[in-house]
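Per-entry structural report
Spelled out, the chains give:
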Amino acid sequence: MSAIESPQIGFVGLGAMGMGMAQSLLRSGFAVRGYDINPDAVQRFGAAGGATAQTVAEAAQDATVFIIVVLNGDQVLDVLFGSGGAAEALPKGSIVMVCSTVSPDFAQKTAARLAERDLRMLDSPISGGTIRAAQGQLSIMASGPDDLFDELQPVLDAMAENVYRMGTEYGLGSTMKLVNQILAGVHIATAAEAMAFGVRAGLDARQIYEVICNSAGASFMFENRVPHMIDGDYTPHSAVDIWVKDLGIVLGAGKDLHFPLYLAALAHQLFMSASAAGHGRIDDAAVVKVYEQLTGIAVDSANAHQPKV
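Here's a quick rundown of the structure. The residue count restarts for each chain, going from 1 along the sequence in the order it is written. In keeping with the model being predicted, local features are shown solely for residues with a pLDDT of at least 70 and side-chain atom pairs are shown and tallied solely at 80 or more, while totals for entire chains, interfaces and linings include all residues. With hydrogens and water excluded, all non-hydrogen atoms of the structure serve as input to the side-chain values.

Let us look at the overall build of the protein chain. For the purposes of this entry, the term helix denotes a DSSP run of H or I that reaches at least four residues, the term strand denotes a run of E that reaches at least two, and both are numbered from the N terminus. For the protein chain, the helix and strand inventory stands at 14 helices and nine strands. On C-alpha atoms alone, the protein chain measures out to a radius of gyration of 20 Å, which is about the 19 Å that the 2.2 N^0.38 rule sets for 309 residues. Dimensions of the protein chain, computed from C-alpha atoms along their principal axes, come out at roughly 65 × 45 × 35 Å. Note on exposure labels: buried denotes an accessible area under 20% of the residue type's maximum, exposed denotes more than 50%, and partly exposed covers the range between, all computed with a 1.4 Å probe on protein chains only. Across the 309 residues that make up the protein chain, the buried fraction comes to 49%. Taking the contacts inside the protein chain whose residues are at least 6 apart along the sequence as the reference set, 64% of them involve residues at least 24 apart. The Shrake-Rupley method, run with a 1.4 Å probe, gives the accessible areas here. Residue values count only the displayed protein chains as cover. Entry remark: accessible area of the protein chain is about 14,200 Å², with carbon and sulfur atoms responsible for 54%. Only C-alpha atoms enter the radius of gyration; for comparison, a globular chain is expected to reach 2.2 Å times N to the power 0.38, where N is the number of residues. Should any heavy atoms of two residues lie within 4.5 Å, those residues are counted as being in contact.

Below is the structure:
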């Protein structure tokens, strides 16, 4: 099937990732009506040239494509079938893109519920971070019927540099996202451990970073998150509690498969420790604070020579 001509896009979730995605659609010439529970986010989207909605249902009204970028599965259900009422407001035949990180089982059941209302779904989780979202250069790992990909191709291209077709079975896109989250979560946790170890042993944090970025131990997460640790800047681009949630989903899927996930489980506990210590809503690089508080060192350069209490 050919691409949808001049789709009306409804967008719910104008947060760190969603705002960049919605604005990328605007730059590509799409008509987008956006909603977020935060009125300031809605106002910023309007200032960027988007149409604004005061409710989820208003964002869904007349939308041929409806994109959901909210925190978790519970919020997705509320948007579609709960207080948001989007499933009732959407025209028959519309396509719902669920971009949140959810379990494969959740994706399958949600697609089935939407089909009962003559609505179609693309299981379409995202990765790449806030900068790539703002640049329209995300990776989207999606699953669903082939004709949905064909219809949505211009929309997908506006938001993503890489669109991966994981298969026609719902849940395969979400499964791929969980594979990514295992690696990303473990990499952040390991970066925190390595940095804290090096500082505890007497090395300079910035020098550790420079050496590792030019050595075999480097990873995207190391290069991206360690500067937050060194600068002591925990402005939340992706919060600690996101990893408590996402790695929790990973472990739940592992349980369903009877598959052991040793490193994912340990990383989950490290993020849980950081959250329990009061750091859940700040940047996920704050997992390093678990090591700082245990060992009395400071990774951030401003306090490197001051003992932690």
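For this analysis, a salt bridge means a side-chain nitrogen from Lys or Arg found within 4 Å of a carboxyl oxygen belonging to Asp or Glu. Throughout the structure, instances matching the rule amount to eight salt bridges. With a closest N to O distance of 3.2 Å, Lys109 and Asp105 form a salt bridge. Remark: Asp105 and Lys109 occur in helix H6 (residues 104–115); sequence separation between them is four residues, near one turn of the helix. Taking relative accessible area as the criterion, Asp105 reaches 34% and is therefore assigned partly exposed. With a shortest N-O distance of 3.1 Å, Arg165 and Asp150 are connected by a salt bridge. Of this pair, Arg165 sits in strand S9 (residues 160–167) while Asp150 sits in helix H8 (residues 146–159), and the two are 15 residues apart along the sequence. A relative accessible area of 43% means that Arg165 is categorised as partly exposed.

This brings us to the packing of aromatic side chains. In this analysis, rings of Phe, Tyr and Trp, with Trp reduced to its six-membered ring, are considered paired at centre separations within 6.5 Å, and the interplanar angle assigns stacked below 30 degrees, edge-to-face beyond 60, and tilted for intermediate values. The full count for this structure, using the stated rule, is two aromatic pairs. Centre to centre, the rings of Tyr209 and Phe222 are 5.8 Å apart; their planes meet at 15°, and the pair counts as stacked. Highlighted residues: Tyr209 in helix H10 (residues 205–213) and Phe222 in helix H11 (residues 220–231), separated in sequence by 13 residues. Classification of Tyr209 as partly exposed rests on a relative accessible area of 21%. Pairing Trp243 with Phe271 gives two aromatic rings, centres 5.9 Å apart and planes at 20°, and the pair type is stacked. Note that Trp243 is positioned in helix H12 (residues 240–257) and Phe271 in helix H13 (residues 262–279), a separation of 28 residues in sequence. Like Phe271, Trp243 is buried. Here, a charge over a ring means that NZ of Lys or CZ of Arg falls within 6 Å of the ring centre while also lying within 35 degrees of the ring normal. A cation sits over an aromatic face here: Arg113 above Phe81, 3.8 Å from the ring centre.

The next thing to look at is the environment of Ile67. Of note, Ile67 is situated in strand S4 (residues 65–68). Accessibility expressed as a relative area gives 0% for Ile67, which makes it buried. Between the C-alpha atom of Ile67 and that of Met121, which follows or precedes it by 54 residues, the distance is 9.9 Å. Dropping the residues within four chain positions of it, Ile67 is found in contact with Ile9, Gly10, Phe11, Val12, Leu25, Met97, Cys99, Val155 and Met159.

Before going further, it helps to examine the pairing of strand S1 (residues 8–12). The element S1 is extensively covered by neighbouring structure, given that four of its five residues are classed as buried. Two strands are counted as paired when DSSP detects at least two bridges linking them. Bridge count between S1 and strand S2 (residues 31–35): five bridges; the pairing is parallel. Bridged to Ile9 within S2 is Val32. Crossover handedness is defined by viewing with both strands directed away from the observer: a clockwise path from the first strand over the helix to the second marks the crossover as right-handed. Once you follow S1 into helix H1 (residues 18–27) and on to S2, the crossover reads as right-handed.

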